[in-house]
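Structure assessment
These are the residues of each chain, in order.
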Amino acid sequence: MAETLLAILLVTSSAKGPNVVYRWPPSVESTSRPRLSRPRPPLDGLELDNPWRAAHYSENPNGLPETHMRGAVDDIDDYAWRRPTESRDRSMSFSRSALPASGRDSPCNEERREIDPVANEYQSLFDYTAQFLAGMLCPQRHLCHQKFGLVIDNLVFIGHPVWAEPDGMWRFKPERYKPGSRGRGSRHRESSLPDKDSSEFSLGGDTRSTTAVKSSWLHMFHIVLVFDLPDPSSSASGNVARYFDTIYEQIAFTVTAVLFQEQVLSNFVEIECDAIGSLETEYMVKGERFSDFASHAQRVSSIATAMKILYDAIKSSNMAHITLNDLPLELQLPPYLDHLLHSEEEFEPEFVGRLENQTDSQLWGRELGFGWRLPALVPWKSLLLLDTDQELDPYVNLRGSHVHADERNLAEGLIKFLETVSVTLSLADMASLLDWDLHSQVYPTVRWLVHHRRAKIVDTVHNGLKTIFSLAAKFDKSLSTLAVEFKRDFPQPSVHPLPTLMATVSNSNSKQTDNHFFATVVQFKDLIPLYHDVVLWMLKRDLLITLHLHVRVVTTAELKVRVRQAHERKLERRASNHLSERRRSSRRGDHGAGDSHEHPRGSMPWLSLSPKAARRYSRQSMESGQSRPSDVSGSILLEDPEDVFEEMSDEDSGEENVGWGSSEDTLEPSMISDPGTASPLERKWLAAMSDGKDEYIARRFALINQYFDGKRTDDEILYTAEISRKQLREVLHHYEEYLQTFLHPA
């Protein structure tokens, strides 16, 4: 995490000028990793990529000439990516006259600093003088109280500087309201704005007394995080800026806000700086090394201790538990933040734990929606509590006497939730058992536990361990180290060694049946509680991946032939019925022909004609100029059967839109990609799959086949369709010839 972090600085400004009060680690030097724009050639100069030289190299036992070797080494610097200012001496980056006129920076002291290595440790930082960097990191007053970013050569400085008021008082900044706000009721809002000097509406958000504190010398302080500037060609465009924005929001701004609050309330920062400054002067007079001073400062200053803990936690990818003026604070960066600085090719594709859509990201919130690679927060997932330090035991904190009486019920509810959590229960099950609302109570609790690394989201594990697992692609520790830890935690002879256990799990994935954990590993019911702890141990270390059942619908060639034949038989029956009706109508027309002189010509025949036949008869009448009823009936009886079929298809609008004869209507086997949005023809195929099935089975299949798109897991289907696993297995058994099932991690 934050692999580019070099140091954390505390910079202050007073009437005497800027100063670097403290830094950690004691020895901070910028890294000099080459940023290559193309592969570095071998140092031996063999040029083995040249086929001719590689083929004839053995003819010259001494290798290439020495001049060629020296030339290859001299030209190697051309391969390293360099910034325009890198070749320039850093001492030329600033003017000596720009330094404050003090005895410390006089030429005599500069010469003594170059000779005395101990004094140089105190006054030199990143090959610059500490005084110069302090001046660069103390911006003017109007540039404070906002994000600070500065790039000097290969160094990036990120922070949030804060200044005292012009009168020397430290107070919270009032809320800034935009003048001339538009919209309904804007005048009323402007008239009700608080006074500019009101401390009730402060950015610090503290509800305690906000009596301003006057500082004796501290004008400004600035917590600065120093980074090595990443290679601009190592990641996608915009990722580097997003990388630094995340660090600023999660670390720099948060720490500064707490320190600013404590400075306003109790002059905390100035008191701490006085203690550190006095100790530094004492060590410099004694000629002690800077590392000794830095270690001793942590015993007299909570800010110095917090800077060390924060630096170590960021570098080790852990959560930092710091205390500032007896105020506990937990800080961390997203676990996968450093991946922004690398191309995607450097990491294996991960199909587990990615947020698939924006809705999933919104459920986790802004802090957890980026750089965490969390699975979707859904009701059918479960929660696994992680091991925590005894000093940070949540039960002890929640049951402590410091818990306010108004928050006692909330604390008791949280304790009850922690006692209910189990990987065999889904989040929906826990909400039902606790009588909590899933979205307003369970989800916020889960987010808090995950954000503070007290728990992680996992797939629900079967109570009898009849869950199918696979091994993770890579482990955080070596297998030998994991095996030793596993043997220490599970010394029982009935538990297989970790390598044997993992080999059994891996081999079970090739089986078609009895491939779950109980059948392959446990095998005895009395061992279920013991192996339940084994599964938890492996899940906490990300050694296991749960495989889920996915279902897709396949339309076979036989099914399509049967549906088409049924459609053709339906057309034939309808055509036969249609022709029979026409014959009966024509006979009725012949029976009434004798009375045709009593009716207007053409009135009787029109009653028995369809619209298309009537138009045809009208055209024939216009061409011949006359027509008899007997001619009309004869034309109906001799009508082309194709015209009848066409006429029937026009009358049946539902059949017209099915898609018969389209590119979809083939006799080749195919797959219905999304049964929930199936086409009319695909719906006919789905309905035909239930021919001969029991009514309750067919009704259940019609209910749940919309989830058989190959993307939804069996747990999601069970929760969404509100059916049991037994009912799902029953449907899969009766429709197995039309369903394709497979196992997949997500």
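Residues numbered from 1 in each chain as written. Predicted model: local features only at pLDDT ≥ 70, side-chain atom pairs only at ≥ 80, totals over all residues. Heavy atoms only, no water.

Let's shift gears to the overall build of the chain. When helices and strands are counted, the chain shows 28 helices and 21 strands. The buried share of the chain, taken over its 746 residues, is 43%. Considering only contacts in the chain between residues 6 or more positions apart, those separated by 24 or more positions represent 73%. (Helix = DSSP H or I, 4+ residues; strand = E, 2+ residues; numbered from the N terminus. Buried < 20%, exposed > 50% of the residue type's maximum accessible area, 1.4 Å probe, protein only. Contact = heavy atoms within 4.5 Å.)

Most of the time, phi is negative for any residue but glycine, and the peptide bond is trans. Residue P25 follows W24 across a cis peptide bond; omega there is 5°. Here P25 is to be found in the loop between β2 (17-24) and β3 (35-36). Phi is positive for F126, which is not a glycine, with a value near 55°. Mapped onto the fold, F126 is located in the loop between β5 (124-125) and β6 (128-129).

Our focus in this paragraph is the sheet that holds strand β20 (residues 670-672). With antiparallel pairing, three strands are arranged side by side in an open sheet as β20-β19-β21. At either end of the open sheet lies a strand with only one pairing partner, and these are β20 and β21 (739-744). Averaged over all neighbouring strand pairs, the angle between strand axes comes to 40°, with direction disregarded. Of the strand pairs in this sheet, strand β19 (residues 548-555) and β20 are connected by three bridges, and their pairing is antiparallel. The residue of β20 that forms the bridge with V553 is I672. (Pairing = 2+ DSSP bridges. Axes fitted to C-alpha atoms, helices over the stretch in contact; angles between N-to-C directions.)

Our next topic: the pattern of salt bridges. One pass over the full model with this rule turns up 18 salt bridges. Where D167 meets R171, a salt bridge forms, and the shortest distance between an N and an O atom there is 3.5 Å. Classification of R171 by relative accessible area gives partly exposed; the value is 31%. In this structure, D709 engages R712 in a salt bridge whose closest nitrogen and oxygen atoms are separated by 3.8 Å. Since its relative accessible area comes to 27%, R712 is described here as partly exposed. Here the residues in one salt-bridge network are K477, E485 and R541, joined through shared partners. (Salt bridge = Lys/Arg side-chain N within 4 Å of Asp/Glu carboxyl O.)

Below, the discussion takes up the packing of aromatic side chains. If you walk through the whole model with that rule in mind, you get 21 aromatic pairs. Seen in terms of ring centroids, F172 and F260 are 6.0 Å apart; in terms of plane orientation they differ by 65°. Their pairing is edge-to-face. Linking F172 in the loop between β10 (169-170) and α6 (186-191) with F260 in helix α7 (residues 239-266), this pair joins segments that are 88 residues apart in sequence. Classification of F172 as buried rests on a relative accessible area of 6%. An aromatic cluster of at least three residues, connected via ring pairs, comprises Y22, Y122, Y283, F290 and F293. In this structure, R23 is placed above the aromatic ring of F290, and the distance from its NZ or CZ to the ring centre is 4.0 Å. Sitting over the ring of Y735, K693 keeps its end group 5.1 Å from the ring centre. (Phe/Tyr/Trp six-rings, centres within 6.5 Å; stacked < 30°, edge-to-face > 60°. Lys NZ or Arg CZ within 6 Å of the ring centre and 35° of its normal.)

The subject of this paragraph is the environment of L340. Considering the arrangement of structural elements, one finds L340 in the loop between β14 (327-331) and α11 (358-364). Residue classification places L340 among the buried positions, given a relative accessible area of 12%. Here the alpha-carbon distance between L340 and Y243, two residues 97 residues apart in the chain, equals 6.7 Å.

Y22, L225, L259 and F293 are the most contacted members of the largest nonpolar core, which has 59 residues in total. What F293 contacts, discounting residues up to four positions off in sequence, is V21, Y22, Y122, I276, L279, E280 and Y283. Membership of the second largest hydrophobic core comes to 30 residues, among which are L482, F518, L527 and L539. (Core = buried A, V, L, I, M, F, W, Y, C linked by side-chain atoms within 4.5 Å.)

With that settled, consider the pairing of strand β8 (residues 155-159). Of all five residues in β8, five are buried; the element is thus mostly enclosed. Across the two faces of β8 the burial is the same, with L155, F157 and G159 and V156 and I158 all buried. With five bridges joining them, strand β7 (residues 148-152) and β8 adopt antiparallel strand pairing. Within β8, the residue paired with L150 across the bridge is F157. Hairpin connection, β7 to β8: the antiparallel pair is bridged by two residues, and D153 has positive phi, about 55°. Pairing geometry for β8 and strand β12 (residues 220-228), over five bridges, is antiparallel. Note that in β12 the partner of I158 across the bridge is L225.

Time to look at helix α19 (residues 528-540). Taking 1.5 Å of rise per residue, 13 residues should cover 18 Å, and α19 covers 18 Å from first to last C-alpha, within 8% of that figure. In terms of burial, α19 is largely enclosed, as 10 of its 13 residues are buried. Restricting attention to buried positions, one finds in α19 the residues I528, L530, Y531, H532, V534, V535, L536, W537, M538 and L539. Taken from the residues just after α19, D542 is the one with a positive phi, measuring 55°. (Expected span 1.5 Å × (residues − 1).)

Before going further, it helps to examine a positive patch on the surface. A grouping of K466, K525, K726 and R729 is seen on the molecular surface, where their side chains present a positively charged patch. Looking at where K525 falls in the secondary structure, it is placed in the loop between α18 (517-522) and α19. We classify K525 as exposed; its relative accessible area is 67%. (Patch = residues over 30% accessible without salt bridge, like charges linked within 9 Å, V, L, I, M, F, W, Y side chains within 5 Å. Areas by Shrake-Rupley, 256 points an atom, 1.4 Å probe, with all protein chains shown as cover. Lys, Arg positive; Asp, Glu negative; His and termini not counted. Charge placed at Lys NZ, Arg CZ, Asp CG, Glu CD.)

Here the focus is the packing of helix α9 (residues 290-300) against helix α10 (residues 302-315). With their axes 6 Å apart at the nearest point, α9 and α10 run at an angle of 120° to one another. In this view, α9 runs oblique relative to α10, as classed from their interaxial angle. Between α9 and α10 lies a crossing of left-handed hand. For the pair formed by α9 and α10, the contact residues are A297, Q298 and V300 on the first element and S302, A304, T305 and K308 on the second. Per-class residue counts for the contact of α9 with α10 are three nonpolar, three polar and one charged. (Parallel < 35°, antiparallel > 145°, perpendicular 65-115°, else oblique. Left-handed = near helix turned anticlockwise from the far one by under 90°. Nonpolar A, V, L, I, M, F, W, Y, C, P; charged D, E, K, R; others polar.)

To continue, consider the confidence of the model for the chain. Chain-level pLDDT for the chain is 76 on average; 66% of the residues reach the 70-or-more range. Counting contacts from residues 61-79, a segment whose pLDDT is below 50, to residues more than four positions away or on other chains yields 24 contacts. Considering only residues more than four positions removed or in separate chains, one finds that residues 83-113, a stretch of pLDDT under 50, has 39 contacts. (pLDDT = per-residue confidence, 0-100.)

Running from N to C, helix α8 (residues 268-286) and α9 cross one another at 145°; their axes reach a closest spacing of 10 Å. As α8 runs across α9, the sense of the crossing is right-handed. Across the interface between the two elements, E272, A275, I276, L279, E280 and Y283 from α8 touch D292, F293, H296, A297 and V300 from α9. Grouping the constituent residues of the contact of α8 with α9 by class yields seven nonpolar, one polar and three charged.

For the rest of this paragraph, the subject is the state of the cysteines. Using the criterion set out here, one finds zero disulfides in the structure. The cysteine C144 is free of any disulfide, with C138 supplying the nearest cysteine sulfur at 8.1 Å. Taking the relative accessible area as the measure of exposure, C144 reaches 6% and is therefore buried. (Disulfide = S-S within 2.5 Å.)

This part takes up the side chain of T246. Position of T246 relative to the elements: it lies in helix α7. On the basis of relative accessible area, T246 is assigned to the buried category, the value being 8%. In this structure, T246 is in contact with L333, P334, L337 and F370, ignoring residues within four places of it in sequence.

What follows is about helix α15 (residues 438-451). Compared with the 20 Å implied by 1.5 Å per residue over 14 residues, the 18 Å span of α15 between its first and last C-alpha is a close match. The set of residues buried in α15 consists of L438, V442, Y443, T445, V446, L449, V450 and H451. Of the residues one or two after α15, R453 is the one with positive phi, at around 55°.

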